[in-house]
Structure formats: C-alpha cells, structure tokens
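These are the residues of each chain, in order.
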Amino acid sequence: MKRLKIHTAMIYSLLTALIVLYNCTTKEKANASQNESFNQTDHWVVLDKTDADQDGTTFSWNFNVKQPSDYVLQMVSTEASFKNKESVKIKIGEQAFEEPLLKNYSINSNDIVSEFKHKIPLKNTDEQKLSITTEADFKSLRIIPHYKKPIGSGKYHQEWLTMHQSKEKQGALQRFKEAKLGMFIHWGLYSQAGGIWKGTKINNASHPGPKVAEWLMHAFQIPRAEYKALAKTFNPDKSFAQNVVKLAKDVGMKYIVITSKHHDGFALFDSKSSEFDMVDATPYKADIIKELYNACLEEGVDFGVYYSHGNDWMDGTDGNYKNIKKVNDSLGIYTHPTGKNLWDPSENTHESYLENKAYPQIKELLTMLPELRLIWFDGTGFTTEAQAFQFYKLVYDSNPNVLVNRRVGYAFGDYLDAGDNKIPSASEKLEKYWETCGTTNNSWGYKSYDDDWKSPKELLYYFVDILSKGGNYLLNIGPDGKGHVPETSAENLHEMRKWIHENADAVYGTSRWKTPNEGQEETLLYGTGHRAAKGFKRDFTSKDFWFTTKGNKVYAISLTNTEGEILIKSLKKGEGEIEEVKLLGSEKSLSWDQNENGLQTTVTDIPKDALGYVIEVTLKHNYEN
C-alpha cells in the first residue's frame, strides 16, 4: 500500500511537471509569435524586367496590391548600369509623370535603388497596369507603401474591430458626429517665444522641418536643458480656462481639444511619470488640464486632449530613428527624419520612453478625467503596429467611451482626420467618419508676427464645405504665453458665431446630402503651407449652394447676402417631393415652384452684414443616406 502511494505521488509529480513544461513552452511560443517582427516587404510588389511586356523602350506589367493605400515607385539597377538623372516616364492607370533617376540607396553590395518622388494613391485591389518608358538599364521595379501610411500585418484588426464596434464607442462616435464644430488649442512653453528664438523668426530657422510656432525646439535644435528652462517663466493668467471655454461656447463649438503634451514633451497636467510638467516645473503650480476640464463640464462643452505619443524631444530619445534607419537602409527604404530629436536625444531607449512615460501618462489622463471624450494622438513617427494597438487598447480598457483619432497609427483610429488644414474633395469616399483640423492664421501655436488671419467668410466657407461633405471642423486658436487669445482670432470667431447660432438647425446633427454642393468648383485646402503660400481667392455668387440634411429636411446654404429670386438646381422635380420652403431663422413660409430646372423661390430681408443665409426645405419623406 505504501509503495502504491509513492508511485501515485511520483506519477502526480511527473504529470504536474509535464503540464508546467507544456504551459511554459506554449507561453514562450505565444511570446515569440507576439514579438516576431512583421515583414514589411509582404506588402511590396516587385516587377522584374524579364516579366514585362516590351515594346521598344516601353515596359508594361499588370499587378495587384494587397491593400489600398498610398505607394511610391522605385527602380532597382546595378551599379555598373546606373546612369544618374536618366529620364523615366511612368503611367499607372490614369496617373502619369516623368522623373529623373537618382541614386537614393545602395543595397546588396552593388545594386542602386532610385525612388520617384510622386505619391501613387491606389484606392482598390483591382488589377492595375504600370508602364514605363526609359532608355535606362534596370533590373526591377518595386511598388512600396508610402512612409506616411505604413501597412500592418492585420493580426490585431479583429480585436480592434470588436472594440470599435462596441455600443460605447458607437455611442461616443454618434455624439461626435452631431457636434460638428470644435476648438483646438495649441498651447505650451513655446507660446512664450511667439515663434522667435534669440531674435530669429522661426521661418528663418536654418534647420529643415515645419516652421509653425510649436515646433520651436525642433526648428532651432534647442538643447534639452536650455529648452527646459522655459518652464521657469511659464506663468499664465489664472482666468485662462474660463476665458477659452466661454469663447468656445459663445461661438457654438461643442468640444475642445488641447495639447496636453506636444512634441516638446512638456505636460500641461500634473504627471506622476515626469517632472517636466505644469505643476512641478512652472511657477503656475496648478494643473491647467484639470482646470480646463472642470470649466468644460460646468459649461456643457465636451473635453478632449491632444497627446504626442510618437515624438517626445525631451524624453523620447531619437524616436527610434537610428534603429529603423539601419533596417530601412538595408532594404532601400527612405527613413524620414522630420520630427525626430537627432541633435540632443535623451540617453534612454524609445521602448523605455513608451513604458515609463507615454503609456503611464495616457493612463493618468484617463484616470484624472473620467468624462474625457477623446484622445487626439499625434506624431506617429516610428510607432510599431503593436505599440499603436496598445495605445488604442489602453484607452478602451480604461474608458470605452473615449474616442481615438487616426494618428494613433495603423488605421486603429475610431475616425479619420483629413490632415492639417486639408479638406477632402466631394468625390472622395472615406471609409470612416472624418474631421479636418484648421488654423485661424498659418500657425498652430502662437506666432507673434503671423497676421495672415483667415477672414470670417473664409473660415465659414471651410466650415460649410466640411459640413456639406459630412465631417467635423476642429478650428484652432493659439493663445500667447499668458493664455490670451489673439484679438483678431477671437473677433473672427465671434463673427462666425452670428451665422452659426442663427442657422444651427443646418449645422448640428446634420449629415451629407446626396449632392454636397452646386455652382462653382470647390476651393480645396491642401495643407497649412499651401494656404500660407497661396492665400484665399474665391468669389461667392447667388448660384453657389452647399447642402446638409437632417430627417426630412434639406438645408441649402448660401454664402452671399444677395436678395431676389434664386434657383437651386439640385432640388429639381424628381429630387424629393417638397412640402414647405422657409428662410431659416424665420417662421414665415416662402412661395416656391419646383420644376425641371430646380427649386425657384425668392429671398428678402437678408441683413447687409450677414455672411450668408440658409433655405430650409421640408420634404414629404425622409431623405435616406
């Protein structure tokens, strides 16, 4: 009996050991799988010269990409056959361009990679035709994802989709869609400088990169210790929070997003993960984020924070640039240095920055602000797919009601942003709800000498154009070092306020109608630098209309104050049976005629100083999106 007990005990111990060993082995395999780096060449298309259909000096291939995105084209040649600046004509679908060959990279000991500058948007996975015409001797062509739009492995997609489609996220997204207009605030230590460092304007800074005021540290390559000293004089007025929230509410902005931490690494909140913050490093000695959050709650304005997760010039070392560049150089891929601290990087690793500062600070914000509505990530840089997903999941696990924007990385955002001061064309079909962020002049942070203010009419045009295309407008102010909003910026917002409040029904809770606009062609914004260089030139006529819809109503928006007879062509007979036509803001119905040419009516009593008017058209049946 005793021997049986011993044998039983031995068998039990052996089974336990085997189970533990199995679990450990399984865990190791799982960890190995989790840590296995994604092979970015999986989304490359390589076209060998020997596989081309050749007609003289023209070579053609048919190809497919695995995922729609923006791509670039590269040509691979041997060292012996490469001729610098030899011309190449390229045609992909409807796109055609010509560029010279340049020696961009050397790979495989004796191969030259030439990358063409032209960005190639491929919007589907259908078969495409590529043709090139050149005298150059080459080995192959490579179609690779553009560095600004890296494509991930997809292994996190299903888990992300489950979170994104949760009732909490969708409820938050619906609230966001109805808000339409928000206030962006770029504000921090850099605001004291006003875009000038030691007497030199940032536009004249010798180093490459954006010349907007909040990039002060980068533009002048200010050493970390020297920049850190700016905190000693950052002591804004105590009324900052109340003043900006009051301005936002007066204008009709439904949400506020402020730079809780920009690329310079300075936190406007009391952080346990860094002493480079508002409470520990400045004479203000208070948490400005908490103050602004409380002021928003009191006024019924939704609150969100901007957070630079990929770039941190104080504690984020070189943004992992050297490690990424080493791999990319071996493959012949461009490594973009903009936004990376290559002049005075911190001595830690980028991974330790994420673990010890970025992730903890996001958690701090979520804990401190239980009614936070969104986190506006920025500075994706070289954030990996796994890291981007971890940021998204961290937010969801802490508070599933908080939205996350596109710039968290790898398509993990709950909504898209069109880009800084960029508005998509009406013909573009976006796969998610979207937002455009824009400035009231040509800088995000306070730039003391930038007086190129966008007029109330220009700002309203962008807003109406965005509304008609079904998006949100996040309009920026850049307070100075004391927290004061530039006078002209505030005045122009107040001018917009009159139109917004009077025509609120055509704004909040609306969506895109089947026809976004009629009249002149759209005047598109292509970025902050584009507007700064080109200015704004557009005349508005009584034939120009933009449309929004809600329920059984269609709103036709005009940006003129011209009285008299108007014709709205998009509401011709057959485009909806009309029940009533009114001038929004008036209880009086207008006489109207709907015929084959459009909806005819007459408008009167438009104030001479009005920025425009809205015709409210009630249909007998709801419009189906």
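Chemist: When you look at the sheet that holds strand E27 (residues 592-595) in this model, what are you seeing that I'm missing?
Modeler: Strand order in the open sheet made by the 3 strands is E25-E28-E27, with antiparallel pairing throughout. Because the sheet does not close on itself, it has two edges, and the strands there are strand E25 (564-568) and E27. The average undirected angle you get between the axes of adjacent strands in this sheet is 20°.

Chemist: Help me out: how do you make sense of the pairing of strand E12 (residues 181-185) in this one?
Modeler: Remember that side chains alternate between the two faces of the sheet whenever the strand is regular. Summarising burial for E12: 5 of the 5 residues are buried, a large majority. Of the two faces of E12, the one holding Leu181, Met183 and Ile185 and the one holding Gly182 and Phe184 are both buried throughout. Here E12 runs beside strand E21 (residues 472-477); their pairing, made up of 5 bridges, is parallel. Following the sheet pairing, methionine 183 is matched in E21 by leucine 475.

Chemist: Explain the packing of aromatic side chains here, please?
Modeler: Ring pairs (aromatic) are described by centroid distance and by the angle formed between their planes. For the structure on display, the rule yields 32 aromatic pairs. For the ring pair phenylalanine 176 and tyrosine 433, a centre distance of 6.0 Å and an interplane angle of 80° mean the geometry is edge-to-face. With phenylalanine 176 in helix H3 (residues 167-179) and tyrosine 433 in the loop between strand E19 (416-420) and strand E20 (434-439), this residue pair connects regions lying 257 residues apart in the sequence. Owing to a relative accessible area of 5%, phenylalanine 176 belongs among the buried residues under this scheme. Here the aromatic cluster, defined as three or more aromatic residues joined through ring pairs, consists of Trp187, Phe234, Phe240, Phe266 and Phe276. Taking the ring centre of phenylalanine 138 as reference, the NZ or CZ of lysine 49 above it sits at 5.0 Å.

Chemist: For this particular structure, what's the right way to read the layout of surface pockets?
Modeler: In this approach the atoms are scanned with a rolling probe the size of a water molecule, which exposes any empty space left behind. As a volume, the second largest pocket reaches approximately 350 Å³. Along the wall of the second largest pocket there are 19 residues; nearest its centre are Tyr433, Trp434, Lys469, Gly470 and Arg512. For the lining of the second largest pocket, the secondary structure elements donating two or more residues are H3 and strand E22 (511-518).

Chemist: Mind showing me how you'd approach the packing of helix H6 (residues 240-251) against helix H13 (residues 487-502) here?
Modeler: Pairs of packed helices are described in terms of their axes, by the angle between the two and the distance that separates them. At a minimum axis separation of 8 Å, H6 and H13 run at an interaxial angle of 35°. For the pair H6 and H13, contact is made by Leu247, Lys249, Asp250 and Val251 and by Ala490, Leu493, His494, Arg497, Ile500 and His501, respectively.

Chemist: Hey, could you run me through helix H12 (residues 456-468) in this one?
Modeler: For an α-helix, the turn length of 3.6 residues means that residues three or four places apart are oriented alike. Given a rise of 1.5 Å per residue, 13 residues ought to cover 18 Å, and the 18 Å separating the end C-alpha atoms of H12 matches this to within 8%. Of all the 13 residues making up H12, 12 are buried; the element is thus mostly covered by neighbouring parts of the structure. What H12 keeps buried is the set Pro456, Glu458, Leu459, Leu460, Tyr461, Tyr462, Phe463, Val464, Asp465, Ile466, Leu467 and Ser468. Just downstream of H12, glycine 470 is the residue with a positive phi angle, here 85°.

Chemist: I'm lost on the sheet that holds strand E23 (residues 545-550) in this one. Help?
Modeler: Strands in a sheet are paired, the pairing made by backbone hydrogen bonds, and the direction either parallel or antiparallel. Read from one edge of the open sheet, 5 strands run E22-E23-E24-E29-E26, paired in antiparallel fashion. Pairing within the sheet leaves two strands with one partner each, and these edge strands are E22 and strand E26 (578-583). Pairs of neighbouring strands in the sheet enclose a mean axial angle of 20°, with direction left out of account. Sheet topology places E22 next to E23; 4 bridges connect them, and they run antiparallel. Counterpart to serine 511 in the pairing with E23 is threonine 549. Taken strand by strand, H12 contacts E22, E23 and strand E24 (553-558), and its axis lies near 50° from that of E23.

Chemist: Just checking my understanding: could you explain the pattern of salt bridges for this structure?
Modeler: Enumeration over the complete set of coordinates arrives at 30 salt bridges. Across the pair aspartate 111 and lysine 139 runs a salt bridge, and its minimum N-O distance is 3.0 Å. Linking aspartate 111 in strand E8 (residues 111-115) with lysine 139 in the loop between strand E10 (128-134) and strand E11 (140-145), this pair joins segments that are 28 residues apart in sequence. Exposure remark for lysine 139: the relative accessible area of 40% places this residue in the partly exposed category. Linking aspartate 452 and arginine 531 is a salt bridge whose minimum nitrogen-to-oxygen distance equals 3.0 Å. A residue pair is termed long-range when its members are at least 10 positions apart, and aspartate 452 in the loop between E20 and H12 and arginine 531 in helix H14 (residues 528-534) qualify at 79 residues. What makes aspartate 452 partly exposed here is its relative accessible area of 30%. Arginine 531 sits in the buried class, given a relative accessible area of 3%.

Chemist: Can you walk me through the environment of aspartate 450 in this structure?
Modeler: If you trace the backbone, aspartate 450 turns up in the loop between E20 and H12. Separated by 94 residues in sequence, aspartate 450 and aspartate 544 place their C-alpha atoms 31 Å apart. When near neighbours in sequence (up to four residues on either side) are disregarded, aspartate 450 contacts Asn441, Asn442 and Ser443. Here aspartate 452 takes part through its backbone nitrogen, which lies 3.1 Å from a polar atom of the side chain of aspartate 450.

Chemist: Would you explain helix H10 (residues 350-368) in this entry?
Modeler: Over its 19 residues, H10 runs 26 Å from end to end, which matches the ideal 27 Å to within 8%, given 1.5 Å per residue. At proline 360, H10 shows its maximal kink, close to 25°. Among the structural elements, strand E15 (255-261), helix H8 (288-299), strand E16 (302-308), strand E17 (374-378) and helix H11 (385-398) are those in contact with the buried residues of H10.

Chemist: How should empty space enclosed by the protein be read in this particular structure?
Modeler: Enumeration over the complete set of coordinates arrives at 5 cavities of 30 Å³ or more. The computed volume of the largest cavity comes to approximately 90 Å³. In this structure, the largest cavity is lined by Ala172, Arg175, Phe176, Ala179, Tyr255, Asp302, Arg373, Leu374, Asn401 and Leu403. A per-class count over the lining of the largest cavity returns 6 nonpolar, 1 polar and 3 charged. As a volume, the second largest cavity reaches approximately 60 Å³. Lining the second largest cavity are 13 residues, with Asn441, Ser443, Trp453, Gly478 and Pro486 sitting closest to its centre. Classifying every residue of the lining of the second largest cavity by side-chain character gives 5 nonpolar, 7 polar and 1 charged.

Chemist: Looking at this model, I keep getting lost on unusual backbone geometry. Mind explaining?
Modeler: Both trends apply: most residues other than glycine have a negative phi, and most peptide bonds are in trans. Phi is positive for lysine 198, close to 50°, though the residue is something other than glycine. At tyrosine 410, a residue that is not glycine, the phi angle is positive and equals roughly 50°. Along the chain, the position of tyrosine 410 falls in the loop between strand E18 (403-404) and E19. Tyrosine 410 gets classed as partly exposed once you look at its relative accessible area, which sits at 23%.

Chemist: Got a minute to help me understand the side chain of serine 140 in this structure?
Modeler: Tracing the sequence through the fold places serine 140 in strand E11. Taking the relative accessible area as the measure of exposure, serine 140 reaches 8% and is therefore buried. If near-sequence neighbours (up to four positions away) are discounted, serine 140 is found in contact with Val46, Leu47, Asp48, Lys49, Gln74, Met75 and Val76.

Cut-offs applied
Residues numbered from 1 in each chain as written. Predicted model: local features only at pLDDT ≥ 70, side-chain atom pairs only at ≥ 80, totals over all residues. Heavy atoms only, no water. Pairing = 2+ DSSP bridges. Helix = DSSP H or I, 4+ residues; strand = E, 2+ residues; numbered from the N terminus. Axes fitted to C-alpha atoms, helices over the stretch in contact; angles between N-to-C directions. Buried < 20%, exposed > 50% of the residue type's maximum accessible area, 1.4 Å probe, protein only. Phe/Tyr/Trp six-rings, centres within 6.5 Å; stacked < 30°, edge-to-face > 60°. Lys NZ or Arg CZ within 6 Å of the ring centre and 35° of its normal. 1 Å grid on protein atoms, 1.4 Å probe; cavity = no way out; pocket = protein on both sides within 12 Å on 5 of 7 lines; lining within 4 Å. Points joined across faces, edges and corners; volume = space filled by probe spheres on them. Contact = heavy atoms within 4.5 Å. Expected span 1.5 Å × (residues − 1). Salt bridge = Lys/Arg side-chain N within 4 Å of Asp/Glu carboxyl O. Polar contact = N/O pair within 3.5 Å; in protein donor to acceptor, adjacent residues only side chain to side chain. Bend = angle between axes of the 7 residues up to and from the residue. Nonpolar A, V, L, I, M, F, W, Y, C, P; charged D, E, K, R; others polar.

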